[in-house]
Amino acid sequence: DQQVKQNSPSLSVQEGRISILNCDYTNSMFDYFLWYKKYPAEGPTFLISISSIKDKNEDGRFTVFLNKSAKHLSLHIVPSQPGDSAVYFCAASVENNDMRFGAGTRLTVKP
Amino acid sequence: DAGITQSPRHKVTETGTPVTLRCHQTENHRYMYWYRQDPGHGLRLIHYSYGVKDTDKGEVSDGYSVSRSKTEDFLLTLESATSSQTSVYFCATGRDRDTEAFFGQGTRLTVV
């Protein structure tokens, strides 16, 4: 029962363009959403989060959008840089409960 | 950076042998977690701890046990390793159960 889904295993974009990573969820009780970034041979690192009371959160080049009615969130990276090439995991949680992760999307930013 | 170290980083073991993975944190976080990462599944929670000697099961706990005798240490034990437990294991810590977690570098375990 995969409650958090990242349907695109991979994404390739040109340096300087926008990267859009998508995530869908099935549990309407989720109230906190996070994105993690993972480089090879390293652990995931927290990137950005959003509470269900908001529909947008921005941090520098990274913006997360939340559409609760569609149970969908997305991560926008503008402009994309080669150093952004990594696997991105979407995660969601209900207050005081375990976090659920998506399967990840591998982003490749080409110079 | 939460100062999380996992040991060993790599291990190859035979089916049926016991294996213990170690996680050590220096940030005094209350919560500690063990996840496994497999292709197509992302990160799945095995067990977690919310304090010394306080542990609970996660999504994929069968075949695993954990112990937490000190705030800083969280052990994951495979009592009798099976090939299906070949995976990359990540330890993580957090201040709260439902907010951002800080991950170790992972342990690649191969059961042959």
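Each chain has its residues counted from 1, running along the sequence as written. To label them, take the chains in the order written and letter them from A, then take the ligands in the order written and number them from 1. In keeping with the predicted nature of the model, local features appear solely for residues at pLDDT of at least 70, side-chain atom pairs appear and are counted solely at 80 or more, and the whole-chain, interface and lining totals rest on all residues. For the side-chain quantities, the full set of heavy atoms in the structure was used; hydrogens and water were omitted.

(A) Up close: the pairing of strand E5 (residues 42-51) of chain B. All names here are of chain B. Burial here depends on accessible area, computed with a 1.4 Å probe over protein chains only, as a share of the maximum for the residue type. Under 20% is buried, over 50% is exposed, and the range in between is partly exposed. Only DSSP runs of H or I covering at least 4 residues are called helices, and only runs of E covering at least 2 are called strands; the numbering of each starts at the N terminus. Counting buried positions along E5 gives nine out of 10 residues, so the element sits mostly inside the fold. A pair of strands is treated as paired once DSSP finds two or more bridges between them. Where strand E4 (residues 31-38) lies against E5, seven bridges are found, and the strand directions are antiparallel. Paired with Tyr35 across the bridge in E5 is Leu45. In this structure, E5 lies alongside strand E6 (residues 54-57), joined through four bridges in antiparallel fashion. Paired with His47 across the two strands is Lys57, which belongs to E6.

(B) View of the layout of surface pockets. The definitions used throughout rest on a 1 Å grid laid over the protein atoms alone, on which a cavity is an enclosed set of points accommodating a 1.4 Å probe that cannot get out and a pocket is an open set flanked by protein within 12 Å on both sides along at least five of seven lines; lining residues are those having an atom within 4 Å of a point. Grid points are joined across faces, edges and corners, and a volume is the space filled by probe spheres set on the points. In this structure, the largest pocket spans a volume of roughly 540 Å³. If you go around the largest pocket, you meet 25 residues; those closest to its centre are Lys38(A), Arg106(A), Gln37(B), Val88(B) and Arg108(B). Contributions of two or more residues to the lining of the largest pocket are made by strand E11 (105-110) of chain A together with E4, strand E9 (87-94) and strand E11 (107-111) of chain B. Considering every element that reaches the lining of the largest pocket, the biggest residue donor is E9(B), with three residues.

(C) Here's a closer look at the interface of chain A and chain B. Whether two residues touch is decided by their heavy atoms; if any such pair falls within 4.5 Å, the residues are in contact. In this complex, chain A contributes 22 residues to the contact, which on the side of chain B involves 20 residues. In total, about 1700 Å² of surface goes out of reach between chain A and chain B, with carbon and sulfur atoms giving 51% of it. In the sections that follow, a salt bridge refers to a side-chain nitrogen of Lys or Arg positioned within 4 Å of a carboxyl oxygen of Asp or Glu. Inspection of the region where chain A meets chain B yields one salt bridge. Counting of polar contacts relies on pairs of N or O atoms within 3.5 Å, with two restrictions inside protein: one atom must be capable of donating a hydrogen and the other of accepting it, and residues adjacent in sequence are counted only when both atoms are side-chain atoms. The tally of links between chain A and chain B comes to three residue pairs in polar contact (both at pLDDT 80 or more). Secondary structure elements with two or more residues in the side of chain A that touches chain B: strand E4 (32-38), strand E9 (86-93) and strand E10 (100-101) of chain A. Two parts placed together each lose some accessible area under a 1.4 Å probe, and the buried area is that loss summed for both.

(D) Spatial organisation of the pattern of salt bridges. Scanning the model with the defined rule gives seven salt bridges over all chains in all. The partner of Arg100(A) in a salt bridge is Glu59(B), with the nearest N and O atoms 3.4 Å apart. With Arg100(A) in strand E10 and Glu59(B) in the loop between E6 and strand E7 (64-70), the pair connects residues from two separate chains. Classification of Arg100(A) as partly exposed rests on a relative accessible area of 24%. Residue class for Glu59(B) comes out partly exposed when judged on its relative accessible area of 38%. The partner of Arg36(B) in a salt bridge is Asp38(B), and the shortest N-O contact between them spans 2.7 Å. Using a relative accessible area of 9% as the deciding quantity, one classes Arg36(B) as buried. Its relative accessible area of 10% is what places Asp38(B) among the buried residues. When salt bridges with common partners are traced through the structure, they connect Lys37(A), Arg61(A) and Asp84(A) into a single cluster.

Any functional reading would require information beyond the geometric quantities listed.
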